[in-house]
Amino acid sequence: MESQKAFKENSAEAVKDIDRQVAFDDNVARNDTSVQLAMHQYSSIELAKKRAGYIRHKAINGLEKYLIEFEANLERNGGKVIWALDAEEAVAEINNILKKHAITHVTKSKSLIADEIDLYNKLKEFSITCDEVHPAEFILRRFDERPVHSSSFLINKSLREINELLHGKYKLPAKQKAGEVLAFIKSESREKLEYSKASISGANYVIADTGSVCITEDAGDAVMNTILPKIQIVLAGIDKVIPSILNLDILLPLFATYSSGQRISAYNTIVSGPKQESEKDGPSEMYVVLLDNGRSNILAKKFQRRALSCIDCGACQNACPVYRKIGGKAYNSTYTGPIGSVITPWMKGLQEYSHLSYASTLCGKCTEVCPVLINLHDQLLYNRNDTIKLKNYSFTEGLIMEGWHQTLKSRKWMDWFKAKWKNIFLKKVYSQNWKNLPQISNKNFRQLWEERREGKV
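This section reports on the structure supplied with the text. Please read all numbers here as calculations on a predicted model, not as lab measurements. (Residues numbered from 1 in each chain as written. Predicted model: local features only at pLDDT ≥ 70, side-chain atom pairs only at ≥ 80, totals over all residues. Heavy atoms only, no water.)

1. Here we look at the overall build of the chain
Line of reasoning, step 1. A count of helices and strands for the chain gives 23 helices and 10 strands.
Line of reasoning, step 2. The C-alpha atoms of the chain give 25 Å as radius of gyration, which agrees with the globular expectation for 457 residues (23 Å, within 12%).
Line of reasoning, step 3. Judged by the C-alpha coordinates and their principal axes, the chain covers about 95 × 55 × 50 Å.
Line of reasoning, step 4. Out of the 457 residues in the chain, the part that is buried amounts to 50%. (Helix = DSSP H or I, 4+ residues; strand = E, 2+ residues; numbered from the N terminus. Rg over C-alpha atoms; globule rule 2.2 N^0.38 Å. Buried < 20%, exposed > 50% of the residue type's maximum accessible area, 1.4 Å probe, protein only.)

Here it is in structure tokens:
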């Protein structure tokens, strides 16, 4: 399995990258402090999580109903809904829209799902220029990298690295403050937005009862990207639907709290279709591309379907000891950390990505911090169970596990060799995957117990 081999190699390389570790730990520490302070706005954070979890769980269980309702209401408002089964269809539909309007330049605001379908490079193949207007995506594009975190796209970058990049590419001063860096990027982006005829964005939620799209952000680029260009294309997963606009009163503050430690994000935009006659701002045409791309595979799973409730806050990633050590690149997926380990095998193929479900200590911290109560560590176990049921393991692995099974169920086999030889064997077999193997003692529990009963201890 090439993905598994690459995962191990990339993980080993990431652990050795001290600069990345330091930058990540510093950024997560600051974020954690802010999150703890933001929680004080709730009289009961657990009750808020239960409410949010119920809303998202209700939406996923009634997905077909709410998506049809959303489509009907958006089209009543003058918008258009396009259904895309996979990444190829989504890219083709977006290209058709741009081709129809003779557009060769678009501006794109922050969007994980655009990265999922590799939209930037695909549009390039069609000779369409795509300019990133979100500061984090702007910087990552110049690093020639993709986001490795659900909400904090630059969580693995230090200000020093960013300054070095901008100094090399734009001859900016080598030491700038974060505010100065942000001001430069915004000036660059605003110039692109002024002349943009079409915009592409993601969506935090698509709202069924009003036929609206909701985007929450801190930089303000998505607002302008929604208002200024005449053609608006929204790319959203089918899992982003929520029943009612009233659900935002709990979902928006909770997302802000767990993603960045704020009471609520600075900019929250709701778009319900193209500009009406009575309105001054907004696009002339609005398209919403609803993408499946493997989400139906997750929906078909009795237990793992709850993972579609995710609101992309990144809390589970910040809490996961494995993700914090190896970073996001090792996963070779848009969705990383615990949530990525649950959904990626079903979105990209269990045969190739089953190893991600084992990239966890099962400590349960991811479940503990999830604001919509997704039982992530349980779902990783369900994934592992499905992997075994489908016999998605090598002949050697199967032989080893069968050997362990036969040995562990027999006291005779367990006691066949002395502890010294057992420890040598374990070290030889598992030293690559286990750095600190426990030592088997010379006497087992039964021997110690009998000695105690006989008064020898």
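2. Notes on the sheet that holds strand 4 (residues 198-201)
Line of reasoning, step 1. The strand order across the open sheet formed by six strands is 1-10-7-4-2-3, and the pairing between neighbours is parallel. The sheet is open, and its two edges are formed by strand 1 (80-84) and strand 3 (129-132), each paired on a single side. Neighbouring strand axes in the sheet, compared pairwise and without regard to direction, differ in orientation by 25 degrees on average.
Line of reasoning, step 2. Of the strand pairs in this sheet, strand 7 (residues 231-237) and strand 10 (residues 285-291) are connected by seven bridges, and their pairing is parallel. (Pairing = 2+ DSSP bridges. Axes fitted to C-alpha atoms, helices over the stretch in contact; angles between N-to-C directions.)

3. Focus: empty space enclosed by the protein
Line of reasoning, step 1. With the rule as written, the count across this model stands at three cavities of 30 Å³ or more.
Line of reasoning, step 2. Its volume calculated, the largest cavity comes out at about 110 Å³.
Line of reasoning, step 3. Around the largest cavity, the lining comprises 16 residues; the ones closest to its centre are Cys310, Cys313, Cys316, Cys370 and Pro371.
Line of reasoning, step 4. Here the lining of the largest cavity gets three residues from one element, more than from any other, and that element is helix 14 (residues 315-319).
Line of reasoning, step 5. Each residue belonging to the lining of the largest cavity can be placed in one class, and the counts come to 12 nonpolar, three polar and one charged.
Line of reasoning, step 6. The computed volume of the second largest cavity comes to approximately 90 Å³.
Line of reasoning, step 7. Taken together, 14 residues line the second largest cavity, and the ones lying closest to its centre are Ala114, Asp115, Tyr120, Arg141 and Arg146.
Line of reasoning, step 8. When residues of the lining of the second largest cavity are traced back to their parent elements, those giving at least two are helix 6 (112-116), helix 7 (119-125) and helix 8 (135-143).
Line of reasoning, step 9. The dominant element in the lining of the second largest cavity, judged by the number of residues it contributes, is helix 7, at three residues.
Line of reasoning, step 10. The class makeup of the residues in the lining of the second largest cavity is four nonpolar, two polar and eight charged. (1 Å grid on protein atoms, 1.4 Å probe; cavity = no way out; pocket = protein on both sides within 12 Å on 5 of 7 lines; lining within 4 Å. Points joined across faces, edges and corners; volume = space filled by probe spheres on them. Nonpolar A, V, L, I, M, F, W, Y, C, P; charged D, E, K, R; others polar.)

4. Side note on the pattern of salt bridges
Line of reasoning, step 1. Across all of its chains, the model carries 20 salt bridges by this definition.
Line of reasoning, step 2. Ionic pairing is found between Asp249 and Arg51, a salt bridge with its closest N-O pair at 3.8 Å. Within this pair, whereas Asp249 is found in helix 12 (residues 248-260), its partner Arg51 is found in helix 3 (residues 45-61), the two being separated by 198 residues in sequence.
Line of reasoning, step 3. With its nearest N and O atoms 3.0 Å apart, the salt bridge here joins Glu132 to Lys108. Highlighted residues: Glu132 in strand 3 and Lys108 in strand 2 (residues 105-108), separated in sequence by 24 residues.
Line of reasoning, step 4. Judged by relative accessible area, which is 3%, Lys108 ranks as buried.
Line of reasoning, step 5. A single network of salt bridges, built from pairs that share partners, joins Lys108, Glu132, Glu137 and Arg141. (Salt bridge = Lys/Arg side-chain N within 4 Å of Asp/Glu carboxyl O.)

5. A word on the packing of aromatic side chains
Line of reasoning, step 1. Evaluation of the coordinates by the stated rule reveals seven aromatic pairs.
Line of reasoning, step 2. Judged by centre distance (5.8 Å) and plane angle (75 degrees), the rings of Phe7 and Tyr331 are edge-to-face. Placement of Phe7 in helix 1 (residues 2-16) and of Tyr331 in the loop between helix 15 (321-326) and helix 16 (337-348) is noted, with a sequence separation of 324 residues between them.
Line of reasoning, step 3. The exposure class of Tyr331 is buried, given its relative accessible area of 1%.
Line of reasoning, step 4. Look at Phe303 and Tyr382: their rings are 4.1 Å apart centre to centre, the planes differ by 10 degrees, and that puts the pair in the stacked class. (Phe/Tyr/Trp six-rings, centres within 6.5 Å; stacked < 30°, edge-to-face > 60°.)

6. As for the side chain of Lys157
Line of reasoning, step 1. Positionally, Lys157 belongs in the loop between helix 8 and helix 9 (159-170).
Line of reasoning, step 2. Side-chain polar atoms of Lys157 contact the side chain of Glu145, separated by 3.0 Å.
Line of reasoning, step 3. With residues up to four places along the chain from it excluded, the contact list for Lys157 reads Ala23, Asn27, Phe143, Glu145 and Ile162. (Polar contact = N/O pair within 3.5 Å; in protein donor to acceptor, adjacent residues only side chain to side chain. Contact = heavy atoms within 4.5 Å.)

7. Overview of unusual backbone geometry
A negative phi holds for most residues other than glycine; trans holds for most peptide bonds.
Line of reasoning, step 1. Positive phi, close to 60 degrees, is recorded for Asp312, a residue that is not glycine.
Line of reasoning, step 2. Examined against the element boundaries, Asp312 turns out to sit in the loop between helix 13 (295-299) and helix 14.
Line of reasoning, step 3. Although it is not a glycine, Leu362 adopts a positive phi angle of roughly 60 degrees.
Line of reasoning, step 4. For Leu362, the position within the fold is in the loop between helix 17 (350-353) and helix 18 (365-369).

8. Quick notes on the state of the cysteines
Line of reasoning, step 1. Inspection of every chain in the model, using the stated rule, returns zero disulfides.
Line of reasoning, step 2. Its sulfur unpaired, Cys214 is 15 Å from the next cysteine sulfur, which belongs to Cys313.
Line of reasoning, step 3. Exposure remark for Cys214: the relative accessible area of 0% places this residue in the buried category. (Disulfide = S-S within 2.5 Å.)

9. Concerning a nonpolar patch on the surface
Line of reasoning, step 1. On the surface, a cluster of nonpolar side chains totalling about 630 Å² of accessible area is made up of Trp413, Trp416, Phe417, Trp421 and Ile424.
Line of reasoning, step 2. Examined against the element boundaries, Ile424 turns out to sit in helix 22 (residues 419-430). (Patch = residues over 30% accessible without salt bridge, like charges linked within 9 Å, V, L, I, M, F, W, Y side chains within 5 Å. Areas by Shrake-Rupley, 256 points an atom, 1.4 Å probe, with all protein chains shown as cover.)

10. Quick word on the sheet that holds strand 9 (residues 267-271)
Line of reasoning, step 1. Read from one edge to the other, the open sheet built from four strands follows the order 8-5-6-9, with strand pairing classed as mixed. Strand pairing shows two members of the sheet lacking a second neighbour, strand 8 (241-242) and strand 9, which therefore form its edges.
Line of reasoning, step 2. Both strand 6 (residues 212-217) and strand 9 contribute to a ladder of five bridges, which runs antiparallel. If you follow Ile215 over to strand 9, its bridge partner there is Thr269.

11. Observations regarding helix 9
Line of reasoning, step 1. The end-to-end C-alpha separation of helix 9 is 16 Å, in line with the 16 Å expected for 12 residues at 1.5 Å each.
Line of reasoning, step 2. Residues of helix 9 that are buried in the fold lie against helix 8 and helix 10 (178-195). (Expected span 1.5 Å × (residues − 1).)

Honestly, that's just the spatial picture; any functional story needs more than this.
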